[in-house]
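Structural features, examined
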Amino acid sequence: MMKKILLLLVMLLIMGYLVVAITAFNVKPNELVCKDIELLIKDSVNAGFVTKKEVTTILKKKNMNPVGQCMESIDSDSLEKILSKHHLIDEVECYKTPSGKLCIEVTQRVPILRIMSRNGENYYIDNKGNIMPSEAKCIAHLAVVTGNADKKYVIDKLYPFALFMQKNKFWNAQIEQINIVSGQEVELVPRVGDHIIFLGKIDNYENKLSKLKEFYRKGLNKVGWNKYSRISVEFENQIICTKKEN
């Protein structure tokens, strides 16, 4: 008896599902109304910079909020063009779902340097070498560039250096400030250790920092990270240290 009841219940569930499915599939596209916006951030590591609220606000200001509109009348290409102008969006793709949602897939721009130069310029450089406005306040622990940092020097010289740091876990975590002094020579301010790293010209920075890292491992780990006030790796074949004054 129990088996028959269970079988009957299963059949009723299947019939109910089929009725709902047939009803849903029989709804004509021009009868579907957009119920909601679903925002998908592709680069999950940096998720959170672009929010659903921001996206909705942008579309409302342009009188293109899709919620409540017929799905057939929503122009996905126009929505993509509008949203791609957002200073934190690199790529955007909009598409409609059969359930009545507008999905917006976003790839965000990732700032890798904060520029606060002596001439008053204040902006970010993203991971593609593009300038982002200062209002894109989104990343903590970015290295800050100070001093005589004009845009040409930043893009030509510091951008490749920033990419190197981004890919190198040790230096990305260690460097908090890049100061450009006279002659376009570079000083680095580390997060750990009470010293200044003098890089000199930024050329050959990979070899210079590789030797410095080895010096950290063999030298500073023994004598202490606060023994020196200045460590120069300007010349690739030697490291010059200046002791702190007592």
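Residues numbered from 1 in each chain as written. Predicted model: local features only at pLDDT ≥ 70, side-chain atom pairs only at ≥ 80, totals over all residues. Heavy atoms only, no water.

**Some words on the packing of helix H4 (residues 151–167) against helix H6 (residues 205–223)**
What describes two packed helices is the angle between their axes and the distance between those same axes. Two numbers describe how H4 lies on H6: the axes approach to 11 Å, and their chain directions differ by 40 degrees. Taken as axis vectors, H4 and H6 run oblique relative to one another. In the crossing of H4 with H6, the sense of the turn from one axis to the other is right-handed. Residues Pro160, Phe161 and Phe164 of H4 pack against Tyr205, Glu206 and Leu209 of H6. Along the lines of polarity and charge, the residues of the contact of H4 with H6 split into five nonpolar, no polar and one charged. (Axes fitted to C-alpha atoms, helices over the stretch in contact; angles between N-to-C directions. Helix = DSSP H or I, 4+ residues; strand = E, 2+ residues; numbered from the N terminus. Parallel < 35°, antiparallel > 145°, perpendicular 65-115°, else oblique. Left-handed = near helix turned anticlockwise from the far one by under 90°. Contact = heavy atoms within 4.5 Å. Nonpolar A, V, L, I, M, F, W, Y, C, P; charged D, E, K, R; others polar.)

**What about the pairing of strand S4 (residues 111–116)?**
Across the six residues of S4, five count as buried, placing the element largely inside the fold. Two strands pair when backbone bridges link them, and S4 and strand S5 (residues 122–126) are joined in this way by five bridges, in the antiparallel orientation. Residue pairing in the sheet places methionine 116 in a bridge with asparagine 122 of S5. With antiparallel pairing between neighbouring strands as the criterion, S4 and S5 make up a hairpin whose turn holds five residues, including glycine 120 at a positive phi of roughly 95 degrees. (Buried < 20%, exposed > 50% of the residue type's maximum accessible area, 1.4 Å probe, protein only. Pairing = 2+ DSSP bridges.)

**Regarding the sheet that holds S5**
Pairing is mixed in the open sheet, where nine strands are placed in the order S6-S5-S4-S7-S8-S9-S10-S11-S12. Each edge of the open sheet carries a strand with a single partner, namely strand S6 (131–133) and strand S12 (240–243). Each neighbouring strand pair of the sheet contributes to a mean axis angle of 25 degrees, computed without reference to strand direction. As defined by bridge partners, strand S11 (residues 228–232) adjoins S12 across four bridges and the pair is classed as antiparallel. Bridge pairing links arginine 230 to threonine 242 in S12. Packed on one face of the sheet, H6 meets strand S9 (185–190), strand S10 (196–200), S11 and S12 and runs near 145 degrees to S11.

**Let's talk about the pairing of strand S8 (residues 175–181)**
Here strand S7 (residues 143–147) pairs with S8 via four bridges, running parallel. Across the sheet, residue threonine 146 finds its bridge partner in S8, namely asparagine 179. Bridge count for S8 against S9 is six bridges, and the pairing is antiparallel. By the bridge assignment for S9, isoleucine 180 is matched with valine 186. Counted between consecutive antiparallel strands, the loop separating S8 from S9 contains three residues, among which glycine 183 sits at a positive phi close to 75 degrees.

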